[in-house]
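Descriptive structure summary
Here is what each chain is made of, one letter per residue.
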Amino acid sequence: MLEENRMVSVNIKIWKFFAIIYPTSDKLWRLYSIQFVTILLNFMQFMFLFEMWGNLAPFILNVFYVSATFDCLLRTGVIVYNRSKFEAFLAEFDSMYSEIEENGDDYAKGKLKEATEFCRKFSLFNVLASFLDLIGTMSHPILTGTRTHPFGVALPGIDSAVSPYYEIYFILQLHCPITLSVLYMPFVSIFVTFSSFGKTALQILQHRLKDIFEIYDDDETRLEALKECAHYYNRLTRFIKVFDEMVTYVILGEFLLFGAIICSLLFCINIIDTMAQFVSIIMYVGTMLYVLFACYYSANEMLEESLKVSEAAYSIPWYEGTPQFRKTLLLFIQRTQKPLCLTVGNVYPMTLLIFQSLLNMSYSYFTMLRGLNIQ
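These numbers were taken from a predicted model, which means no experiment stands behind them. (Residues numbered from 1 in each chain as written. Predicted model: local features only at pLDDT ≥ 70, side-chain atom pairs only at ≥ 80, totals over all residues. Heavy atoms only, no water.)

**Things to note about the overall build of the protein**
Across its full length, the protein holds 12 helices and two strands. Put simply, the protein runs from its N terminus to its C terminus through helices and strands in the order α-α-α-α-α-α-α-α-α-α-α-β-β-α. For the protein, the spread of C-alpha atoms along the principal axes amounts to about 85 × 60 × 30 Å. Here the protein holds 375 residues, and 50% of them are scored as buried. Of the accessible surface of the protein, which amounts to about 18400 Å², a share of 63% is contributed by carbon and sulfur atoms. (Helix = DSSP H or I, 4+ residues; strand = E, 2+ residues; numbered from the N terminus. Buried < 20%, exposed > 50% of the residue type's maximum accessible area, 1.4 Å probe, protein only. Areas by Shrake-Rupley, 256 points an atom, 1.4 Å probe, with all protein chains shown as cover.)

Below is the structure:
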């Protein structure tokens, strides 16, 4: 059962409770209700942006929340739209995980346990940190005594700062800490979890390759062990490809959107006049950098481990093998020359170099806007 798999149990339980995956007829209302209130919130946020047009500082500050809420809807929509494919992917993950747990050697089990504990702690931290961050955002108007909303919201023809509309809007936003936490952060955690599992599986594969001549004595069993490694690599290739197909365009959207928002928020530092706004900008930028770095770092780690597979295969004392073994090994090395990676819009591999390019691009546009503002 996936709920008992410690590597993904935190996120699976959340998504299953809200009927995002494995829905049942008695739980679908949870999905519809959580999506409805999030869509309504996002619509009201867009209305607020229209009202703030021309007032640059509050406009830019609220763009972050608008885009974050929209990103929640996008992420959830991708999972729901590809639900059957995603559930089949989860079943394959659970099967591969169980095989390592039951049939792996001490090295494989140790690596899997290490990755499991990291992913579990990472998932718990993300949900808790996101929830507390949103609680802080919701509490800010109360603590400061200002009649502002945690998230900028508006409806045409209604003054949201006067009673009773202010109180009604505030009550409508009380769901946000739970809604946005369960829609946004579990996607990040699942992304890092599957990337970490891919990295771990590739490390185990390297270990198996290096042990072929140490464990097996006869040529026939060595050849069979090499073929099993090749089949396992093909299985990993399909696993990573399916995962990439489900997330690549979400990653592309965030690459473009977050790059522009980081640039805008940095520019906003030059025009704000309160410490509260400065602190908010630092928190927003830090949150986006954390999310982006976590995804790109885990994807980069998996890519680097895939490059080491061909090196591990070449390090085998192939000269002691039979002609058939050497021929199979050569084909395997050729097959593993192309790294297994997640991509940004099926174009660029997700690496730390691409992440650095995103930061460079954001900073370049920031300096350009800052220069224009000074002039």
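Anyway, onward from the coordinates.
**A few points about empty space enclosed by the protein**
This model, assessed by the stated rule, comprises one cavity of 30 Å³ or more. The calculated volume of the largest cavity comes to roughly 30 Å³. Around the largest cavity, the lining residues are Ile 251, Glu 254, Phe 255, Leu 292, Cys 295 and Tyr 296. Elements supplying a minimum of two residues to the lining of the largest cavity: helix H9 (219–268) and helix H10 (275–314). (1 Å grid on protein atoms, 1.4 Å probe; cavity = no way out; pocket = protein on both sides within 12 Å on 5 of 7 lines; lining within 4 Å. Points joined across faces, edges and corners; volume = space filled by probe spheres on them.)

**Observations regarding the packing of helix H4 (residues 83–103) against helix H7 (residues 176–210)**
It is at 12 Å that the axes of H4 and H7 come closest, and there the two elements cross at 40°. Relative to H7, the element H4 lies oblique. The way H4 lies across H7 gives a crossing that is left-handed. Along its contact with H4, which presents Phe 86, Phe 89, Leu 90, Phe 93, Met 96, Tyr 97 and Ile 100, the element H7 presents Ile 190, Phe 194, Phe 197 and Ile 204. Partitioned by chemical class, the residues of the contact of H4 with H7 number 11 nonpolar, no polar and no charged. (Axes fitted to C-alpha atoms, helices over the stretch in contact; angles between N-to-C directions. Parallel < 35°, antiparallel > 145°, perpendicular 65-115°, else oblique. Left-handed = near helix turned anticlockwise from the far one by under 90°. Contact = heavy atoms within 4.5 Å. Nonpolar A, V, L, I, M, F, W, Y, C, P; charged D, E, K, R; others polar.)

**A word on the confidence of the model for the protein**
In the predicted model, the protein carries a mean pLDDT of 85, and the fraction of residues at 70 or more is 94%. Looking at the elements of the protein, mean pLDDT is at its lowest for helix H12 (residues 352–374), recorded as 78, and at its highest for strand S1 (residues 343–344), recorded as 92. (pLDDT = per-residue confidence, 0-100.)

**Brief notes about a nonpolar patch on the surface**
Together, Leu 128, Phe 131, Leu 132, Ile 135 and Ile 178 give the surface a local cluster of nonpolar side chains, amounting to about 440 Å² of exposed area. Along the chain, Phe 131 turns up in helix H5 (residues 106–144). (Patch = residues over 30% accessible without salt bridge, like charges linked within 9 Å, V, L, I, M, F, W, Y side chains within 5 Å. Salt bridge = Lys/Arg side-chain N within 4 Å of Asp/Glu carboxyl O.)

**Section: the UniProt feature "transmembrane region" (unreviewed entry) in the protein**
With numbering aligned to this structure, UniProt lists the feature "transmembrane region" (unreviewed entry) at residues 31–50, 56–74, 122–143, 168–194, 246–272, 278–299 and 340–359. Split by type, residues 168–194 is 89% helix and 0% strand. Its first and last C-alpha atoms lie 41 Å apart. For residues 278–299, helix accounts for 100% and strand for 0%, while the C-alpha atoms at its two ends are 32 Å apart. (UniProt positions renumbered as here; feature names shortened; annotations may be inferred.)

**Comments concerning the pattern of salt bridges**
All told, the structure shown has nine salt bridges when counted by the stated rule. The partner of Asp 71 in a salt bridge is Arg 75, and the shortest N-O contact between them spans 3.3 Å. Taken as a pair, Asp 71 and Arg 75 lie in helix H3 (residues 56–81) at a separation of four residues, close to a single helical turn. We classify Asp 71 as buried; its relative accessible area is 2%. For Glu 92, the salt bridge is made with Arg 235, and the minimal N-O distance between the two is 2.6 Å. Linking Glu 92 in helix H4 with Arg 235 in helix H9, this pair joins segments that are 143 residues apart in sequence. For Glu 92, a relative accessible area of 27% puts it in the partly exposed group. Several salt bridges converge on common partners, so that one network encompasses Asp 71, Arg 75 and Glu 254.

**What about the state of the cysteines?**
With the rule as written, the count across this model stands at zero disulfides. Free cysteine: Cys 119, not disulfide-bonded; nearest cysteine sulfur from Cys 295 at 12 Å. (Disulfide = S-S within 2.5 Å.)

**A short note on the side chain of Ser 362**
When you line up the elements, Ser 362 lands in helix H12. Those residues within four positions of Ser 362 in sequence are excluded, and the remaining contacts are Gly 259, Ile 262 and Cys 263.

**Topic: unusual backbone geometry**
Phi is positive for Ala 19, close to 60°, though the residue is something other than glycine. By secondary structure assignment, the location of Ala 19 is in the loop between helix H1 (9–17) and helix H2 (28–51). Phi is positive for Tyr 22, close to 50°, though the residue is something other than glycine. With respect to the helices and strands, the residue Tyr 22 is situated in the loop between H1 and H2.

**Regarding the packing of aromatic side chains**
Inspection of every chain in the model, using the stated rule, returns 23 aromatic pairs. Measuring from ring centre to ring centre gives 5.4 Å for Phe 194 and Phe 243, while their planes differ by 80°; the resulting arrangement is edge-to-face. One end of the pair, Phe 194, is in helix H7; the other, Phe 243, is in helix H9, with 49 residues separating them in the sequence. Judged by relative accessible area, Phe 243 falls into the buried class, the value being 4%. Between the aromatic rings of Phe 293 and Tyr 297, the centroid separation amounts to 5.5 Å while the plane-to-plane angle is 25°, which identifies the pairing as stacked. One end of the pair is Phe 293 and the other is Tyr 297, both in helix H10 and four residues apart, which spans about a single turn. Site record: aromatic cluster; members linked through ring pairs are Trp 15, Phe 86, Phe 89, Phe 93, Tyr 97, Phe 191, Phe 194, Phe 197, Phe 239 and Phe 243. Seen from the ring of Tyr 184, Arg 75 lies directly overhead, with NZ or CZ sitting 4.1 Å from the centre. Lying across the ring of Tyr 232, Arg 208 places its NZ or CZ 4.9 Å from the centre. (Phe/Tyr/Trp six-rings, centres within 6.5 Å; stacked < 30°, edge-to-face > 60°. Lys NZ or Arg CZ within 6 Å of the ring centre and 35° of its normal.)

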